[in-house]
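# Observations on chain architecture
Chain by chain, the residues run as shown.
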Amino acid sequence: MFEGALLWWITAFLVVLDITIRVTAIIIIPRNRRPTAAMAWLLAVFFIPFVGVFLFLLIGNPRLPRARRRKQDQINEYIAATSEHLHFGTLRPNAPDWFGPLVEMNQRLGALPLSGDNGAHLIPDYQGSLDAMADAIREAKDYVHVEFYILQSDESTDNFFRALEEVAARGISVRVLLDHWANRWKPRYRATIKRLNAMGAEWHLMLPVQPLKGRMQRPDLRNHRKLLVVDGATAFLGSQNVTDSTYNLPKNIKRGLHWVDLMVRLDGPVVLSVNAIFLSDWYSETDIVLEEIDIAHADIGSGDLDCQVIPSGPGFEVENNLRLFLGLLYAAKKRIMIVSPYFVPDEALLLAVTAAVDRGVEVELFVSEEGDQAMVYHAQRSYYEVLLKAGVRIWMYRKPYILHTKSLTIDDEVAVIGSSNMDMRSFGLNLEVSMLVRGEEFVSEMREVEDTYRALSRELTLEEWMQQPLRSTVLDNLARLTSALQ
């Protein structure tokens, strides 16, 4: 009789707990969250309540801790105050009517101004960009700022690291930021840290997940930025990490995978903005303000391009990069070229792309034929049918290469290049940096790169896609559901 009563009370407790979890989830989860994401989380909680609740508590909050967000607010206020009355070069005349409001939005969200008189040149060769950065480092007279999502000392990057060692030996400050989670499990992590220590570099991990040290946030929030600044005069920005093109991972080497990337070398006032990104991340990780670094006075660059750097990520209130992309997609009149290894759009971005085709705009999307991340790869494939039916041309960069470049060009005058993919991870979870560039000569360089990508790709047709087996369609759409869990 006692056992029966105990069983009844346990059952009653579990029923009440289950109902409480479901009611609480309905109240808490949808608040300030996209309907698709809210529905995905609610389904997880309703069908697997205890596992769903655990996952929601672990990764359900897409924002950085409140203290980190306050730091970002302080940084934005400082940058806005510093740049309010400064003249950052001469802007190009005859900008499109939509360009000014877009720039104003970017500055309001990310604080960094548009600057003129900039030089920007693309480096599409993987090893060539590593060596170009090494050459720039060797010219340093005051400091070198290095910030990369993945930073590995290996055979391909040895020249880069030797350049850092040489300038450090001359007494030049070498400051390095690298993402914790992205590097911690890589094969060369210990050797890289040892080499940084040996040269005397001051280095810090970005977004460390170290609960025993009191440093904890959602574990899959990452700093995905890639940039280098030398003396505030030269900068590099783009999609490439400092690592071998195989990432030194046995599974990549076994499959013969190599990454294809793109970096841009910058000079002129825009370098100050790139440096401001580094300084803000340095402050976020160290609580140290590098007051001796000037981000208010710049030399004229080697060109007359208009450039604006746009930071984004969970430290901001909205998705700065998504709003930039949407503004450009709706502004396009003739042509849109999208290069994104992970194209998993939300409803707004998908509508903007398909609506552009309906307006008579030529739209091409460059992706990889083979994927390195199964879930993202299949989630991306789930959008191919609607894109092809809308009239988007899809180019698949031939395996075993992973096209890792992230760029967007519209018409013949404006481009974006940076670290941001067009997927919901880059919009909501990763700290990213993008650069808006206005200038026909830069877009012309981008077109040459796009032409090269097209020549090394095959076009995916709707007829071919509709012959996909049912198992692939099911897998793609299941993966698509998981992309909403943010």
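The structure contained in this document is the topic of the report that follows.

Cut-offs used in this document
Residues numbered from 1 in each chain as written. Predicted model: local features only at pLDDT ≥ 70, side-chain atom pairs only at ≥ 80, totals over all residues. Heavy atoms only, no water. Patch = residues over 30% accessible without salt bridge, like charges linked within 9 Å, V, L, I, M, F, W, Y side chains within 5 Å. Areas by Shrake-Rupley, 256 points an atom, 1.4 Å probe, with all protein chains shown as cover. Salt bridge = Lys/Arg side-chain N within 4 Å of Asp/Glu carboxyl O. Helix = DSSP H or I, 4+ residues; strand = E, 2+ residues; numbered from the N terminus. Buried < 20%, exposed > 50% of the residue type's maximum accessible area, 1.4 Å probe, protein only. Axes fitted to C-alpha atoms, helices over the stretch in contact; angles between N-to-C directions. Parallel < 35°, antiparallel > 145°, perpendicular 65-115°, else oblique. Contact = heavy atoms within 4.5 Å. Expected span 1.5 Å × (residues − 1). Phe/Tyr/Trp six-rings, centres within 6.5 Å; stacked < 30°, edge-to-face > 60°. Lys NZ or Arg CZ within 6 Å of the ring centre and 35° of its normal. Nonpolar A, V, L, I, M, F, W, Y, C, P; charged D, E, K, R; others polar.

Before going further, it helps to spend a moment on a nonpolar patch on the surface. Side chains of Leu-470, Val-474, Leu-478 and Leu-481 sit close together on the surface and give an oily, nonpolar patch of about 420 Å² of accessible area. On the secondary structure map, Val-474 appears in helix 19 (residues 470-482). On the accessibility criterion, Val-474 (43% relative accessible area) is partly exposed.

Below, the discussion takes up the packing of helix 7 (residues 158-169) against helix 9 (residues 189-199). Close contact between helix 7 and helix 9 brings their axes to 9 Å; oriented N to C, the two are set at 25 degrees. Viewed along their axes, helix 7 and helix 9 adopt a mutual orientation that is roughly parallel. Contacts between helix 7 and helix 9 involve Asp-158, Phe-161, Arg-162, Leu-164, Glu-165 and Ala-168 on the former and, on the latter, Thr-192, Arg-195, Leu-196 and Met-199.

Here we come to helix 12 (residues 320-331). Residue pairs three or four apart in sequence face the same way in an α-helix, which turns once every 3.6 residues. Helix length check: helix 12, at twelve residues, gives a terminal C-alpha distance of 17 Å against a target of 16 Å (1.5 Å per residue), a fit within 8%. The buried fraction of helix 12 is high, at nine of twelve residues. Within the sequence span of helix 12, burial applies to Asn-320, Asn-321, Leu-322, Leu-324, Phe-325, Leu-326, Leu-328, Leu-329 and Ala-331.

Further remarks concern the packing of aromatic side chains. If you walk through the whole model with that rule in mind, you get ten aromatic pairs. Ring geometry for Phe-325 versus Phe-427: centroids 6.2 Å apart, planes at 55 degrees, classification tilted. Of this pair, Phe-325 sits in helix 12 while Phe-427 sits in helix 16 (residues 424-428); the two residues are 102 residues apart in sequence, bridging distant segments of the chain. Taken as a pair, Phe-325 and Phe-427 share a single burial class, namely buried. Ring centres of Tyr-397 and Tyr-401 lie 6.4 Å apart, and the angle between their planes is 85 degrees; this geometry places the pair in the edge-to-face category. Classification of Tyr-401 by relative accessible area gives partly exposed; the value is 38%. Among the aromatic residues, those joined into a cluster by ring pairs are Phe-148, Phe-160 and Phe-161. Just above the ring of Phe-99 sits the side chain of Arg-438; from NZ or CZ to the centre is 5.8 Å.

Tracing the backbone through its elements, the reader meets Ser-472 in helix 19. A residue is classified by how much of its surface remains accessible, and Ser-472, at 18% relative accessible area, is buried. Sequence separation between Ser-472 and Ser-382 is 90 residues, and the spatial gap between their C-alpha atoms is 9.3 Å.

All right, on to the packing of helix 6 (residues 126-138) against helix 7 then. Interaxial distance between helix 6 and helix 7 falls to 8 Å at its minimum, and their mutual angle equals 5 degrees. In terms of orientation, helix 6 and helix 7 fall into the roughly parallel class. Residues Leu-130, Asp-131, Met-133, Ala-134, Ile-137 and Arg-138 of helix 6 pack against Asn-159, Phe-160, Arg-162, Ala-163, Leu-164, Glu-166 and Val-167 of helix 7. For the contact of helix 6 with helix 7, the per-class residue count stands at eight nonpolar, one polar and four charged.

Glancing now at unusual backbone geometry. The amide bond that connects Lys-399 to the next residue, Pro-400, takes the cis arrangement and shows omega of 10 degrees. Structurally, the position occupied by Pro-400 is in the loop between strand 14 (393-397) and strand 15 (401-403). Here the phi dihedral of Asn-94 falls at roughly 60 degrees; this positive angle occurs in a residue that is not glycine. Take Asn-94: it is sitting in the loop between helix 4 (66-83) and helix 5 (99-110). Within the chain, Asp-287 stands out as a residue other than glycine whose phi angle is a positive 65 degrees. When you line up the elements, Asp-287 lands in the loop between helix 11 (270-286) and strand 10 (305-312).

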